[in-house]
Amino acid sequence: MKRPTPSAAQAPKTAFSDPLAELLRPGQSIELLKELHILTRDGKLNQDSRRKLKQVYHLCNFIEPLLDDVLGQQDTLTLADHGAGKSYLGFILYDLFLKDRPGSHIFGIETRDELVTRSRELAARLGFARMSFLSATVAESITTDALPARVDIVTALHACNTATDDAIQFALAKQARHIVLVPCCQAEVAAVLRRHKNESFGKTPLSEIWRHPIHTREFGSQLTNVLRCLQLESHGYQVTVTELVGWEHSMKNELIIATRTGEPRRNARERLQQILQELNLQELEGRFLGPQSS
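All residue numbers here refer to positions counted from 1 along the written sequence of the relevant chain. Owing to the predicted nature of the model, reporting of local features is limited to residues with pLDDT of at least 70; listing and counting of side-chain atom pairs is limited to 80 or more, with chain, interface and lining totals taken over all residues. Heavy atoms throughout the structure, all of them, feed into the side-chain values; hydrogens and water do not.

Caption draft 1: Quick look at the overall build of the protein chain. Of regular secondary structure, the protein chain possesses 12 helices and 7 strands. Exposed residues in this analysis have more than 50% of their type's maximum accessible area, buried residues have under 20%, and partly exposed residues fall in between, with area computed by a 1.4 Å probe over protein chains only. Here the protein chain holds 294 residues, and the buried ones make up 47% of them. Long-range pairs, those at least 24 residues apart, make up 75% of the contacts in the protein chain between residues at least 6 apart in sequence. Put simply, the protein chain shows about 15,300 Å² of open surface, and 51% of that area lies on carbon and sulfur atoms. Helix and strand assignments come from DSSP, with helices taken as H or I runs of at least 4 residues and strands as E runs of at least 2, each series counted from the N terminus. By definition, residues are in contact when any of their heavy atoms lie within 4.5 Å. In these tables, accessible area is a Shrake-Rupley quantity obtained with a 1.4 Å probe, and a residue counts as shielded only by the protein chains included in the view.

Listed below in structure tokens is the structure:
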């Protein structure tokens, strides 16, 4: 017996999904994303903005448990975003996790006055009252009365070259409980390797690792983060290094998370010093060694 053809009313409906709704975190303010120019005024998202938002969200996934850790032990939380730029990270963290937690406060630290002014204006428009923005160098941010003596969490997302090291110095001075770093464009160590290349050839066969210019750049970048991890361990931090997002989204993809334990790794400082000497990088001892952790 021939079955009747289903009518249009009976035909199964095609389910259409909203790709923007699938991407955004629950509770995310659309207006904030428009103000940050991640979304266009009509709510669209281009490929570059999609990549940027995905990076920030992935970083938020790592930071959220750190926020919960601090607020699980005390009623207040201070987070400083060093080299904040346009403060994408600070605004999204506040919007998603902290706007309903009255004891929390985010500080954005940036040296470019125009970006600080823009962030202050945006926080005022959105009613984000517990966000403050400072135009300050690392030395000024350590000593200014505008910041508390201690900061619970320090972040630095794509802080370029030595700005990541500045964020580490700030975090150590403020005795931060957690430090979250995504380094970027680190060229200082590579420049020192390059400058002393001929001398290093006569000192160690390891100089073959950075004999070619592309290897100098890549090895210098890798070595910089190794030195930073040893530095943090020597100051009593437990360090985890992982990927932020897939390499197809960003080549600046290394994520360093450090949690203060108060117990320095026994040989971290010695290892760090030995590496600097072996690779003819003694002039960087002041940056990576500094004073002994108390």
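Caption draft 2: The arrangement of the nonpolar core in detail. Side-chain atoms within 4.5 Å are what join buried Ala, Val, Leu, Ile, Met, Phe, Trp, Tyr and Cys residues into a set we call a nonpolar core. Formed by 43 residues in total, the largest nonpolar core has its most connected members in Leu59, Phe91 and Ile92. In terms of residue count, the dominant contributor to this core is helix 3 (residues 47–71) (10 residues). The residues contacting Leu59, other than those within four sequence positions of it, are Leu89, Leu157, Val180, Val182, Leu244 and Leu255. Ala156, Ile168, Ala176 and Leu181 belong to the second largest nonpolar core, which has 24 residues in total.

Caption draft 3: Examining the packing of aromatic side chains more closely. Here is the rule: rings of Phe, Tyr and Trp (six-membered ring for Trp) pair when centre to centre is within 6.5 Å. Planes less than 30 degrees apart are stacked, more than 60 are edge-to-face, and the remainder are tilted. Applying the stated criterion across every chain, the model contains 4 aromatic pairs. The rings of Phe91, Tyr94, Phe128 and Phe133 are connected pair by pair, giving a single aromatic cluster.

Caption draft 4: Representation of the environment of Arg260 in the model. Relative to the elements of secondary structure, Arg260 occurs in strand 7 (residues 254–260). In this structure the C-alpha to C-alpha distance between Arg260 and Ala176, which are 84 residues apart in sequence, comes to 7.2 Å. Residues within four places of Arg260 in sequence aside, it is in contact with Gln175, Ala176, Arg177, His235, Gly236 and Tyr237.

Caption draft 5: Molecular detail of the environment of Leu126. Here Leu126 lies in helix 5 (residues 113–126). Each C-alpha atom of the pair Leu126 and Leu32 lies 7.6 Å from the other, and the pair is 94 residues apart in sequence.

Caption draft 6: View of the pattern of salt bridges. We define a salt bridge as a contact between a side-chain nitrogen of Lys or Arg and a carboxyl oxygen of Asp or Glu at a distance within 4 Å. Under the defined criterion, the tally for this structure stands at 15 salt bridges. The residue Arg287 makes a salt bridge to Asp165 at a minimum N-O spacing of 3.7 Å. Here Arg287 is found in helix 12 (residues 285–288), whereas its partner Asp165 is found in helix 7 (residues 163–173), with 122 residues between them in sequence. Taking relative accessible area as the criterion, Arg287 reaches 26% and is therefore assigned partly exposed. The shortest N-O distance in the salt bridge between Glu208 and Arg211 comes to 2.7 Å. Where salt bridges share partners, they join Glu31, Glu35, Arg41 and Arg125 into one cluster.

Caption draft 7: Looking closely at the packing of helix 3 against helix 4 (residues 88–98). To define axes, lines are fitted to C-alpha atoms, for helices over the stretch in contact only, and angles between the resulting N-to-C directions are given on a 0 to 180 degree scale. The N-to-C vectors of helix 3 and helix 4 enclose an angle of 55°; their axes lie 10 Å apart at closest approach. With respect to helix 4, the axis of helix 3 lies oblique. As helix 3 packs across helix 4, the resulting crossing turns out to be right-handed. Counting all contacts with helix 3, which are made through Lys52, Leu53, Val56, Tyr57, Leu59, Cys60, Ile63, Glu64, Leu67 and Leu71, the residues of helix 4 involved are Tyr88, Leu89, Ile92, Leu93, Leu96, Phe97 and Leu98. In this count, Pro and Cys sit with the nonpolar residues alongside Ala, Val, Leu, Ile, Met, Phe, Trp and Tyr, while Asp, Glu, Lys and Arg are called charged and the others, Gly among them, polar. Across the contact of helix 3 with helix 4, the residue classes break down as 15 nonpolar, no polar and 2 charged. Under this scheme an angle from 65 to 115 degrees is roughly perpendicular, one under 35 degrees roughly parallel, and one over 145 degrees roughly antiparallel; angles in between are oblique. We call a crossing left-handed when the near helix sits turned anticlockwise from the far one by less than a right angle, and right-handed when that turn is clockwise.

Caption draft 8: Local environment of helix 11 (residues 268–278). Every buried residue of helix 11 is listed here: Ala268, Arg269, Leu272 and Leu276. Each buried residue of helix 11 lies within a common arc of 100° when the element is viewed along its axis, so the set occupies one face. Contacts from the buried residues of helix 11 go to helix 10 (213–234) and helix 12. Of the residues flanking the end of helix 11, it is Asn280, one or two places downstream, whose phi is positive at about 65°. Picture the helix axis, draw a direction to every C-beta atom, and the arc is the one those directions span.

Caption draft 9: Representation of unusual backbone geometry in the model. Residue His37 is not a glycine yet carries a positive backbone phi of 65°. Structurally, the position occupied by His37 is in the loop between helix 2 (30–35) and helix 3. Unusually for a residue other than glycine, Ser87 sits at a positive phi of about 65°. Positionally, Ser87 belongs in the loop between strand 1 (77–82) and helix 4.

Caption draft 10: Up close: the pairing of strand 7. Think of it this way: DSSP has to see at least two bridges between two strands before they count as a pair. Pairing geometry for strand 5 (residues 178–184) and strand 7, over 4 bridges, is antiparallel. For His178, the partnering residue across the bridge sits in strand 7 and is Thr259. Note that strand 6 (residues 237–243) and strand 7 share 7 bridges and pair antiparallel. Bridge assignment links Thr240 to a residue of strand 7, and that residue is Ile257.

Caption draft 11: Seen up close, the side chain of Ser49. With respect to the helices and strands, the residue Ser49 is situated in helix 3. The exposure class assigned to Ser49 is buried, which follows from its relative accessible area of 6%. Residues within four places of Ser49 in sequence aside, it is in contact with His37 and Ile38.

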